[in-house]
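Spelled out from the first residue to the last, the chains are:
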Amino acid sequence: MIIAWILSIIFSFSALIFYLERMNALELIHLNTQAQTQEQFIQAEQIILACQSDLLLGAHLDHPDCDFDSPEKHHWLISNLNKPQIEVLVFFDSELDAVTRLNWRQVFD
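Everything quoted here is computed from the prediction, not taken from an experiment.

Undergrad: Run through the state of the cysteines, naming residues and quoting values.
TA: Per the stated rule, a full pass over the model turns up one disulfide. A sulfur-sulfur distance of 1.6 Å marks the disulfide that ties C51 to C66. Between C51 and C66, the S-S torsion sits near 70 degrees, and that sign places the bridge as right-handed. Of this pair, C51 sits in helix 1 (residues 2-57) while C66 sits in strand 1 (residues 66-72), and the two are 15 residues apart along the sequence. We note that C51, like C66, is buried.

Undergrad: Break down the nonpolar core for me, with residues and values.
TA: In terms of nonpolar packing, the biggest core is built from 13 residues, with C51, L55, C66, F68, W76, I78 and V90 touching the most fellow members. At the level of secondary structure, the elements contributing two or more residues to this core comprise helix 1, strand 1, strand 2 (75-80) and strand 3 (85-93). Counting residues per element, this core draws most heavily on helix 1, at five residues. Excluding its chain neighbours within four sequence positions, the residues that come into contact with C66 are I47, C51, I78, S79, N80 and L81.

What counts and how
Residues numbered from 1 in each chain as written. Predicted model: local features only at pLDDT ≥ 70, side-chain atom pairs only at ≥ 80, totals over all residues. Heavy atoms only, no water. Disulfide = S-S within 2.5 Å. Helix = DSSP H or I, 4+ residues; strand = E, 2+ residues; numbered from the N terminus. Buried < 20%, exposed > 50% of the residue type's maximum accessible area, 1.4 Å probe, protein only. Core = buried A, V, L, I, M, F, W, Y, C linked by side-chain atoms within 4.5 Å. Contact = heavy atoms within 4.5 Å.

Any functional reading would require information beyond the geometric quantities listed.
As structure tokens, this is what we get:
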């Protein structure tokens, strides 16, 4: 009876160690995925900022990384073409030569 009790304790500890190793691996995957996603969003935001500056310079028609659409007068909808895709609505004031961001959203397929 004592041998069965000792074996059950050993089995319980080995199961606990396996569970802790698995949780540690999942936490490392989570942190790595979060860091990669943050880097991708930073790159997408840099592309959008470059597109906004191209809109100021008037070179927005030939930008390979962005899509420009004008739903209203002086309003531009700018979106990058890579994943994660961000879409920004800006107001372009040609008299002051300024772009004001009105809102943004992430585009999901």
